[in-house]
Amino acid sequence: ETGVTQSPTHLIKTRGQQVTLRCSSQSGHNTVSWYQQALGQGPQFIFQYYREEENGRGNFPPRFSGLQFPNYSSELNVNALELDDSALYLCASSLARGAYEQYFGPGTRLTVT
Amino acid sequence: GQQVMQIPQYQHVQEGEDFTTYCNSSTTLSNIQWYKQRPGGHPVFLIQLVKSGEVKKQKRLTFQFGEAKKNSSLHITATQTTDVGTYFCAGIPAGGTSYGKLTFGQGTILTVHP
């Protein structure tokens, strides 16, 4: 059984640029959630994808967008990067939408300068 | 919007001492989950509680869900150095279409001195 993987591990971008982060879900999981974790804080829910459809969204602006592909892998896109976007971005997969345990990937550390 | 608060923010204990972290939600929850994040790592699922007043045990860890389904606690008996990390509670609001919108608390950082 393959766990959740994310790429890249680290990324440095300049304010105003765009970034795409990628996530491969655990085999057998059809739901992917994305979280932003600032230093010293708990993960904040960005959105969830279930069977290629957005299934819920947290309090993040529209410049945060995502996709889920037929193989249930997912992308997080952030446009017009701001300094406050610097954080650890975590992807988590689960068996289905709803109250299921989340299997987190190792995360992508994004630094915006 | 829903808020989940955890106390304390930090806890330093001597190895062998007990540890408890408390979690309070501003709204009723359909369930609550607990995660552990080691320094430099990612959150790892520990347990999920669903029923009002539920108590679950995992070896030295005891988890409780309040009767009103708005609070929860994690108690570790006789801490070990391997217990070091940040413990997060995370809840999904009851009702509505919140499905997987998991709201995390800010976590309790546990350090254990040998």
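Above: the structure in question.
Not measured: the values here are computed from a predicted model.

**Thoughts on the overall build of chain A**
Here comes step 1: If you tally the helices and strands in chain A, you get 0 helices and 11 strands.
Here comes step 2: Seen in sequence order, chain A has helices and strands lined up from the N terminus as β-β-β-β-β-β-β-β-β-β-β.
Here comes step 3: Whereas a compact globule of 113 residues would reach a radius of gyration of roughly 13 Å, chain A reaches 13 Å, a difference of no more than 12%.
Here comes step 4: Each principal axis of the C-alpha atoms in chain A carries an extent, and together these give about 40 × 25 × 25 Å.
Here comes step 5: The buried share among the 113 residues of chain A stands at 50%.
Here comes step 6: Considering only contacts within chain A whose residues lie at least 6 apart along the sequence, 54% involve residues at least 24 apart.
Here comes step 7: For chain A, the computed accessible surface area is about 5300 Å², with 47% contributed by carbon and sulfur atoms.
Here comes step 8: Here chain A contributes 8 positive and 9 negative side-chain charges, whose respective centroids are spaced 5 Å apart.

**A closer look at unusual backbone geometry**
Both trends apply: most residues other than glycine have a negative phi, and most peptide bonds are in trans.
Here comes step 1: Cis geometry marks the peptide bond from Ser7(A) to Pro8(A), where omega comes out at -10°.
Here comes step 2: Its location among the elements puts Pro8(A) in the loop between strand E1 (5–7) and strand E2 (10–13).
Here comes step 3: Residues Ile7(B) and Pro8(B) are joined by a peptide bond in cis, for which omega reads -5°.
Here comes step 4: With respect to the element layout, Pro8(B) can be found in the loop between strand E1 (4–7) and strand E2 (10–14).
Here comes step 5: Residues other than glycine seldom take positive phi values, yet Ala78(B) does so here, at roughly 50°.
Here comes step 6: Looking at where Ala78(B) falls in the secondary structure, it is placed in the loop between strand E8 (71–76) and strand E9 (85–93).

**Some details on the state of the cysteines**
Here comes step 1: Throughout the structure, instances matching the rule amount to 2 disulfides over all chains.
Here comes step 2: At a sulfur-sulfur separation of 1.7 Å, the disulfide partner of Cys23(A) is Cys91(A). Linking Cys23(A) and Cys91(A), the disulfide has an S-S dihedral of approximately -50° and is accordingly described as left-handed. Placement of the pair is Cys23(A) in strand E3 (residues 19–24) and Cys91(A) in strand E9 (residues 87–94), with a sequence separation of 68 residues. Of the two residues, Cys23(A) and Cys91(A), both sit in the buried class.
Here comes step 3: The disulfide partner of Cys23(B) is Cys89(B), and the S-S distance across this bridge is 2.0 Å. Residues Cys23(B) and Cys89(B) are joined by a disulfide whose S-S torsion is about 80°; by sign, that bridge is right-handed. Residue Cys23(B) is located in strand E3 (residues 19–25), and its partner Cys89(B) is located in strand E9; the two are separated by 66 residues in the primary sequence. Each member of the pair, Cys23(B) together with Cys89(B), is buried.

**A few points about the packing of aromatic side chains**
Here comes step 1: The final tally for this structure, using the stated rule, is 12 aromatic pairs over all chains.
Here comes step 2: Ring centres 5.4 Å apart and planes at 85° place the aromatic pair Phe47(A) and Tyr49(A) in the edge-to-face group.
Here comes step 3: What makes Tyr49(A) buried here is its relative accessible area of 6%.
Here comes step 4: Ring geometry for Phe104(A) against Tyr35(B): centres 5.6 Å apart, planes inclined by 90°, an arrangement best described as edge-to-face. Pair noted here: Phe104(A) is in strand E10 (residues 103–104) and Tyr35(B) is in strand E4 (residues 29–37), and the two residues belong to different chains. Take Phe104(A) and Tyr35(B): they sit in the same class, and that class is buried.
Here comes step 5: Connected via pairs of aromatic rings, a cluster forms that spans Tyr35(A), Phe45(A), Phe104(A), Tyr35(B), Phe45(B), Phe88(B) and Phe104(B).

**Considering the sheet that holds strand E8 (residues 74–78) of chain A**
Sheet strands line up and pair through hydrogen bonds in the backbone, either parallel or antiparallel.
Residue and element names in this part refer to chain A.
Here comes step 1: Taken together, the 4 strands give an open sheet; going across it, the order is E1-E3-E8-E7, and neighbouring strands pair in antiparallel fashion. Edge positions in the sheet fall to E1 and strand E7 (64–68), since each of these pairs with one other strand and no more. Between one strand and the next, the sheet's axes are offset by a mean angle of 20°, whatever the strand orientation.
Here comes step 2: In the sheet, E1 pairs with E3 via 3 bridges, with the strands oriented antiparallel. Bridge pairing links Gln-6 to Cys-23 in E3.

**Some remarks on the pairing of strand E6 (residues 53–57) of chain A**
All names here are of chain A.
Here comes step 1: Where strand E5 (residues 44–50) lies against E6, 4 bridges are found, and the strand directions are antiparallel. Across the sheet, the residue bridging to Phe-47 is Arg-57, located in E6.
Here comes step 2: With antiparallel pairing between neighbouring strands as the criterion, E5 and E6 make up a hairpin whose turn holds 2 residues, including Arg-51 at a positive phi of roughly 50°.

Rules and cut-offs
- Residues numbered from 1 in each chain as written.
- Chains lettered and ligands numbered in written order.
- Predicted model: local features only at pLDDT ≥ 70, side-chain atom pairs only at ≥ 80, totals over all residues.
- Heavy atoms only, no water.
- Helix = DSSP H or I, 4+ residues; strand = E, 2+ residues; numbered from the N terminus.
- Rg over C-alpha atoms; globule rule 2.2 N^0.38 Å.
- Buried < 20%, exposed > 50% of the residue type's maximum accessible area, 1.4 Å probe, protein only.
- Contact = heavy atoms within 4.5 Å.
- Areas by Shrake-Rupley, 256 points an atom, 1.4 Å probe, with all protein chains shown as cover.
- Lys, Arg positive; Asp, Glu negative; His and termini not counted.
- Charge placed at Lys NZ, Arg CZ, Asp CG, Glu CD.
- Disulfide = S-S within 2.5 Å.
- Phe/Tyr/Trp six-rings, centres within 6.5 Å; stacked < 30°, edge-to-face > 60°.
- Pairing = 2+ DSSP bridges.
- Axes fitted to C-alpha atoms, helices over the stretch in contact; angles between N-to-C directions.

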